[in-house]
Amino acid sequence: MSYNEEGKLSKLVNSFQPSSVYVKHVCFTNFTKFNLDMPIYVNMVRDPVERVISWYYYVRAPWYFVERKRAFPDLPLPNPNWLKKDFETCVKTNDPECRYLPGHRRDGFGDHRRQTMFFCGHADDCTGFNTEVAMRKAKENVEKHYAVVGVLEELNKTLTVLEHYVPRFFKGAKDVYYNEVQIFSKINRNIYKPSVAEATKDIVRKNFTRELEFFDFCKQRLHKQYLALNLDKKP
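Structural notes, computed from the coordinates.

Rules of the game
Residues numbered from 1 in each chain as written. Predicted model: local features only at pLDDT ≥ 70, side-chain atom pairs only at ≥ 80, totals over all residues. Heavy atoms only, no water. Phe/Tyr/Trp six-rings, centres within 6.5 Å; stacked < 30°, edge-to-face > 60°. Helix = DSSP H or I, 4+ residues; strand = E, 2+ residues; numbered from the N terminus. Buried < 20%, exposed > 50% of the residue type's maximum accessible area, 1.4 Å probe, protein only. Lys NZ or Arg CZ within 6 Å of the ring centre and 35° of its normal. 1 Å grid on protein atoms, 1.4 Å probe; cavity = no way out; pocket = protein on both sides within 12 Å on 5 of 7 lines; lining within 4 Å. Points joined across faces, edges and corners; volume = space filled by probe spheres on them. Nonpolar A, V, L, I, M, F, W, Y, C, P; charged D, E, K, R; others polar. Salt bridge = Lys/Arg side-chain N within 4 Å of Asp/Glu carboxyl O.

1. A short note on the packing of aromatic side chains
- Evaluation of the coordinates by the stated rule reveals 19 aromatic pairs.
- A ring pair is formed by Tyr 3 and Phe 34, whose centres lie 4.9 Å apart and whose planes are at 45°; its orientation type is tilted. Taken together, the positions of Tyr 3 in helix H1 (residues 3–14) and Phe 34 in the loop between H1 and strand S1 (41–45) put the pair 31 residues apart, joining distant regions of the chain.
- Judged by relative accessible area, which is 15%, Phe 34 ranks as buried.
- Relative to Tyr 146, the ring of Phe 28 has its centre 6.0 Å away and its plane inclined at 40°; by these criteria the two rings are tilted. Taken together, the residues span a long stretch of sequence, with Phe 28 in the loop between H1 and S1 and Tyr 146 in strand S2 (residues 146–151) at a distance of 118 residues.
- Using a relative accessible area of 4% as the deciding quantity, one classes Tyr 146 as buried.
- An aromatic cluster is built from Phe 28, Tyr 41, Phe 119, Tyr 146, Phe 214 and Phe 217, whose rings are joined through pairwise contacts.
- In this structure, Arg 60 is placed above the aromatic ring of Tyr 56, and the distance from its NZ or CZ to the ring centre is 3.7 Å.
- We note Arg 60 situated over the ring of Trp 82; from NZ or CZ to the ring centre the distance is 3.9 Å.

This is how it looks when you write it as structure tokens:
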């Protein structure tokens, strides 16, 4: 986003009446730059390599293109060879789609290879893949501005921390989730996603060093927040 677009977003969110929730795939925006109060930021992370594999097959799922075609009627249909290309072949043949080069910037419809960008912000320094500066800024923003950053692989802990740290919005969240788990578990489930060998994942992990460090940082922070609740000591 440009500076002006950030300003428009900040004013839009700030105009909502309490209690309101704004949910979008958008990078961190510091509302104080526009003399506005900061919202309560929460977010989720997951293992970055599992995430990129999931995205790889998500954009190849048939229903994804149905949704995209409805939203953008002029969008051309994808090449069948691209649709059939599996992740393991993509990695092992050094296909440009699966190289994940440090510092590389990708144009086009979003860049879903990394999570640090969402926490780093809209500055140019945030756009390079797997960079030190983007990781450091992402960590700094999480510490300063995010009430909770949950971890998908630790859902129980995430929901518990959310219930206690942001009770106005998440009180009873764990009960709601597990009462409706059969519904929630089907959302975005991709039956077209095959398993990927650990050896292939290890190849990818070599280029995700800072993404993995940021993920571990968020896991440790969530664990500390959970321990601070002292739930195990309560009768």
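2. With respect to empty space enclosed by the protein
- According to the stated counting rule, one finds 1 cavity of 30 Å³ or more in the structure shown.
- In this structure, the largest cavity encloses a volume near 30 Å³.
- In terms of lining residues, the largest cavity is bounded by Phe 65, Lys 69, Leu 75, Pro 76 and Leu 77.
- A class-by-class count of the residues in the lining of the largest cavity yields 4 nonpolar, no polar and 1 charged.

3. Describing the pattern of salt bridges
- Summed over all chains, the structure comprises 17 salt bridges.
- Close ionic contact of Lys 33 with Glu 6 constitutes a salt bridge, the shortest N to O distance being 3.2 Å. Here Lys 33 is found in the loop between H1 and S1, whereas its partner Glu 6 is found in helix H1, with 27 residues between them in sequence.
- Judged by its relative accessible area of 7%, Glu 6 falls in the buried class.
- The salt bridge partner of Lys 157 is Glu 154, with a shortest N-O separation of 3.2 Å.
- Given the relative accessible area of 18%, Lys 157 is considered buried.
- Accessibility expressed as a relative area gives 25% for Glu 154, which makes it partly exposed.
- Connected via shared salt-bridge partners are Glu 50, Glu 198, Lys 201, Asp 202 and Arg 205.

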